[in-house]
Amino acid sequence: MTTLGAPLLVARDLRRRYRDFTALDGVDLELRPGESVALLGPNGAGKTTLLSILAGVSRASEGTVEWAEGVAPRVGWVPQRPSLYPRLTTRENLRLFAALEGAPDPDAVAEDLIARADLGRFAGQAAAKLSTGTLQRLNLAIALAGEASVLLLDEPTATLSPDQRHRLWGWLDQLRAGGMALMFSTQSVDEAMRHGGRIAVLAAGRLVFAGSPADLLREHGIGDGAGAEAAELAFMRLVEPPA
Amino acid sequence: MRAAGLLFLKDARLLRRTPALLLVLVAYPLLVALLVALALQSDERKPDVGLVVLDTSGRSVQVGDRRLSIDDYVDRLSDDVNVRELSPEAARTALDDGRVAAVLTIPEGFIADLQSGVRPPALELTASRRSPIQSDAIERRLEAAVYRLNQSLATGYVEQVLQLVDLVTEGGELGIFGRSGDALGLRRSRELVLSVQAQLRRAGEAAAARRLAPLLNFIDETQSNLDLARPAANAIRSPIELHVSEAEEGREPLSAFGFAGALLVSLGLAGVLLAAAAMASEREEGALARLRRGLIASPALVAEKMAFTAAACLIVGLLLLGGVAIFTSLTVGRWGLWLVALILSGLAFGAFGVLAGALARETRTALLVALMLALPLLALGLLPDAEVAAAISEAVPFGPAFDAFQTLLVEPAIPAGDLTLTLGHLALLAAVFGGLATWAVSRRAAD
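Residues numbered from 1 in each chain as written. Chains lettered and ligands numbered in written order. Predicted model: local features only at pLDDT ≥ 70, side-chain atom pairs only at ≥ 80, totals over all residues.

**Side note on the overall build of chain A**
Alright, step 1. Along the backbone of chain A there are eight helices and nine strands.
Alright, step 2. By residue count, 49% of the 243 residues in chain A fall in the buried class.
Alright, step 3. Of the contacts made within chain A by residues no fewer than 6 positions apart, 69% connect residues no fewer than 24 positions apart. (Helix = DSSP H or I, 4+ residues; strand = E, 2+ residues; numbered from the N terminus. Buried ≥ 20, exposed ≤ 12 C-beta atoms within 10 Å, placed from the backbone. Contact = placed C-beta atoms within 7 Å.)

Following this line, the structure appears as structure tokens:
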């Protein structure tokens, strides 16, 4: 059920300053149900800051984040570093976060997520003992414990091997197809082109591009189907001002 | 509240799942309590004092029924300090090198001056400047030793004076203050005068007999005055007496101080470190960011860590008190008040630890910060007589916690009302540090 319609989430003029450093400088962004937005940008561009503000982890110095009328603001947050209790088992982590999210039956939610994330073999294992890919699946499962309508992922595949990445994207595509809105940050232009229905490019805290992958190539003089190398070239033109 | 309860259970589960930490949490306070109690209850070590004896006369002085020489005096000093007899040069070198904390010099003619009574003999004390605290302690010890010796000598002198009074009254053989001979005595003098008067009257010399009346009056007056000499001399010998009674069981102040100190150090350290680690690990494991997304508010998170620490302090504290009640002569009464004191102390230690944990970015740093803050403040808590130390210690949880523990151990039957102020102080500090910790957690979560 992919339903691109009215925006679920609208961010206006978001700014975040740390003393004399501006991490985010007037960013406007929208997120619709069933869409996947890739946040691209070099290190320090403000991707994590933007996702943290949208997730409610950090506060914006200025600007607003508004939810569509009648929509419960339920965000699933997948930080780059798994945010869980390593000495609790997979099942205990899921049960605890489901309970914290206010689930009426945390045990049922935990078992459902274990099944959906294919974590059955690891349910009784301490999170600290899980492999990187499994841990990231648990990290994502925890984010889903609260019946989120928006999923924000900070470089979810940065530490994963290709097969683990493939598996994770398979699950994320399923979620998106089910109507969930995704926004993920990545440093891989290829990943953004492949999995982002829209791409937002940040550079030095400013939004320098927002549009479809095709728009990115078109606006920078590279035709469709020019391949990953061409997309990277377009991205570099955006983030590196001409000498 | 529900979220705080869930995290409380999670923390308890994690603690139970880490046997090494659990063992440390119980064994460490027990060990610290034992060491602190032993340290605080053991006698102070006698300081080393150099003794320079310049009176080489070898004389001794008879005081009352005993004879006092330099050696006797040195023996008496040895009760209070470790005496090392040295030459003047060796004593100076030892003082400079720090091998002795002070040098006591017995001057030339000490015994002769003591014997003559013309001028009191003086001892000279030179204390090291290396340690003012130790110098003060040695001065006090030697002052006490000289006072005791003076009292002993005064007793001897008074006894001699009273013997002299008896001799003047009753007459007899003279053998005091180095003098000997026969004394007539007032009583025999009176009898003699009365006998002479009677003989004179019988011989018709009434006028001559009357002339002896003033002598008789003098003898009577002198006798009356001498009758007052004994109580007066006794009063001079010891104007104020100090009666030291054996403390009742369970009311040994030194033991109470020792165990209160042990409880403070063990619970204070365990509580502060546990809270700091619990808070910092939420952050280090990355869970804090997820929690702060509306799953739990900062005040509730801080309250949960405080409650967790208080529960741990309560269990460890009750274990320690059980040990005290079973294995020592101290009486542990008012268990209800103990529960309140342990819970409030745990909450205050927890708030202090959470603040340290929230200020640090990593668990190891948090533990180090908590330890570095707690250790000196705990030490200040044990020095309540120093004004500045007391003021600082009362501004952190350790001072009032120590007050509460000490009061409950010294006065096992204390009425609840007498502890209200101390317990209120602890509750206030728990609230203040809890507020500061909440501010720090909010700031960290927003970073």
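Now that the structure has been shown, we can carry on.
**What about the overall build of chain B?**
Alright, step 1. When its secondary structure is counted, chain B shows 17 helices and eight strands.
Alright, step 2. Looking at chain B alone, contacts between residues at least 24 apart form 75% of all its contacts between residues at least 6 apart.

**Description of the packing of helix 14 (residues 363–381) of chain B against helix 16 (residues 398–410) of chain B**
Residues and elements named next belong to chain B.
Alright, step 1. Between helix 14 and helix 16, the shortest axis-to-axis distance is 8 Å and the interhelical angle comes to 45°. The angle between helix 14 and helix 16 places the two elements in the oblique class. Crossing geometry of helix 14 relative to helix 16 is assigned as right-handed. Residues Leu377, Leu378 and Gly381 of helix 14 touch helix 16, and the partners they reach there are Phe398, Gly399 and Phe402.
Alright, step 2. Residue composition of the contact of helix 14 with helix 16, grouped by class: four nonpolar, two polar and no charged. (Axes fitted to C-alpha atoms, helices over the stretch in contact; angles between N-to-C directions. Parallel < 35°, antiparallel > 145°, perpendicular 65-115°, else oblique. Left-handed = near helix turned anticlockwise from the far one by under 90°. Nonpolar A, V, L, I, M, F, W, Y, C, P; charged D, E, K, R; others polar.)

**Re the interface of chain B and chain A**
Alright, step 1. On the chain A side, the residues contacting the 15 residues of chain B number 18 residues.
Alright, step 2. Secondary-structure elements contributing two or more residues to the side of chain B that touches chain A are helix 1 (2–16) and helix 11 (287–291) of chain B.
Alright, step 3. Top element by residues in the side of chain B that touches chain A is helix 1 of chain B. It accounts for four residues.

**Brief notes about the nonpolar core**
Alright, step 1. Formed by 159 residues in total, the largest nonpolar core has its most connected members in Leu152 of chain A together with Ala276 and Ala348 of chain B.
Alright, step 2. With 20 residues, helix 10 (residues 253–284) of chain B is the largest single contributor of residues to this core.
Alright, step 3. Ranked by size, the runner-up nonpolar core spans 23 residues in total, among them Val61, Tyr73, Leu77 and Ile111 of chain B. (Core = buried A, V, L, I, M, F, W, Y, C linked by C-beta atoms within 7 Å.)

**Re the sheet that holds strand 7 (residues 181–186) of chain A**
Residues and elements named next belong to chain A.
Alright, step 1. The mixed open sheet is built from six strands, whose spatial order is 5-6-7-3-8-9. Each edge of the open sheet is held by one strand with a lone partner, namely strand 5 (75–78) and strand 9 (206–211). The sheet shows a mean angle of 15° between the axes of neighbouring strands, direction not considered.
Alright, step 2. Sheet topology places strand 6 (residues 150–154) next to strand 7; five bridges connect them, and they run parallel. (Pairing = 2+ DSSP bridges.)

**Examining the sheet that holds strand 4 (residues 62–67) of chain A**
Residues and elements named next belong to chain A.
Alright, step 1. Here we have three strands laid out as an open sheet, ordered 2-1-4, and antiparallel in their pairing. Single-partner strands in this sheet number two, and they are strand 2 (21–31) and strand 4. This sheet shows a mean twist of 15° between the axes of neighbouring strands, independent of strand direction.
Alright, step 2. Across eight bridges, the pairing between strand 1 (residues 9–18) and strand 2 is antiparallel. If you follow Arg15 over to strand 2, its bridge partner there is Asp25.
Alright, step 3. Helix 1 (residues 47–55) rests against strand 1, strand 2 and strand 4 of the sheet, and its axis sits at about 120° to strand 1.

**What about the packing of helix 13 (residues 335–359) of chain B against helix 16 of chain B?**
Residue and element names in this part refer to chain B.
Alright, step 1. Look at helix 13 against helix 16: their axes get within 10 Å of each other, and the N-to-C directions meet at 165°. By the angle between their directions, the pair helix 13 and helix 16 is classed as roughly antiparallel. Considering only the axes of helix 13 and helix 16, their crossing is left-handed. Taking contact as the criterion, the partners of Leu337, Trp338, Ala341, Ser345 and Ala348 in helix 13 are, on helix 16, Ala401, Ala404, Phe405 and Leu408.
Alright, step 2. When grouped by side-chain class, the residues that make up the contact of helix 13 with helix 16 number eight nonpolar, one polar and no charged.

**Considerations on helix 1 of chain B**
Residue and element names in this part refer to chain B.
Alright, step 1. The end-to-end C-alpha distance of helix 1 is 21 Å, a good match for the 21 Å that 15 residues give at a rise of 1.5 Å each.
Alright, step 2. Of the positions making up helix 1, those classed as buried are Ala4, Leu7, Lys10 and Asp11. Across the axial projection of helix 1, the buried residues extend over an arc of 120°, all falling on one side. The outward face of helix 1, more than 90 degrees from its buried face, is lined by the exposed residues Arg2 and Arg16. (Expected span 1.5 Å × (residues − 1). Arc of directions from axis to C-beta.)

**A look at unusual backbone geometry**
All names here are of chain A.
Alright, step 1. Of note in this structure, Asp13 is not a glycine but carries a positive phi near 50°.
Alright, step 2. Here Asp13 is to be found in strand 1.
Alright, step 3. By the C-beta count within 10 Å, which is 13 here, Asp13 ends up partly exposed.
Alright, step 4. In the Ramachandran plot, Ala204 falls in the positive-phi region, its phi being about 50° despite a non-glycine side chain.
Alright, step 5. Given 16 C-beta atoms within 10 Å, Ala204 falls into the partly exposed group.

**Focus on the pairing of strand 5 of chain A**
Residues and elements named next belong to chain A.
Alright, step 1. Covered by surrounding structure in strand 5 are Val75 and Trp77 together with Gly76 and Val78, the residues of both alternating faces.
Alright, step 2. Here strand 5 runs beside strand 6; their pairing, made up of four bridges, is parallel. The residue bridging Gly76 from the neighbouring strand is Leu151, located in strand 6.

**Examining the environment of Ala183 of chain B**
Alright, step 1. Note on placement: Ala183 of chain B falls in strand 8 (residues 181–183).
Alright, step 2. Taking the C-alpha atoms as reference points, Ala183 of chain B and Val168 of chain B, separated by 15 residues in sequence, lie 7.1 Å from one another.

**Notes on the confidence of the model for chain B**
Alright, step 1. Looking at chain B as a whole, the pLDDT averages 81, with 87% of positions reaching at least 70.
Alright, step 2. What the predictor reports for the complex is a pTM of 0.69 with an ipTM of 0.83. (pLDDT = per-residue confidence, 0-100.)

**Examining helix 3 (residues 106–116) of chain A**
Residues and elements named next belong to chain A.
Alright, step 1. Three or more residues of helix 3 are buried, namely Val109, Ala110, Leu113 and Ile114. When helix 3 is viewed along its axis, its buried side chains cluster within an angular range of 135° and face the same direction. Looking at helix 3, the residues exposed on the side facing more than 90 degrees away from the buried face are Ala108 and Ala115.
Alright, step 2. Packed against the buried residues of helix 3 are helix 2 (90–100) and helix 4 (132–143).
Alright, step 3. Phi for Asp118, located one or two positions after helix 3, is positive at around 55°.

**Notes on the environment of Leu144 of chain A**
Alright, step 1. Structurally, the position occupied by Leu144 of chain A is in the loop between helix 4 and strand 6.
Alright, step 2. For the pair Leu144 of chain A and Gly76 of chain A, spaced 68 residues apart in sequence, the C-alpha to C-alpha distance is 5.7 Å.

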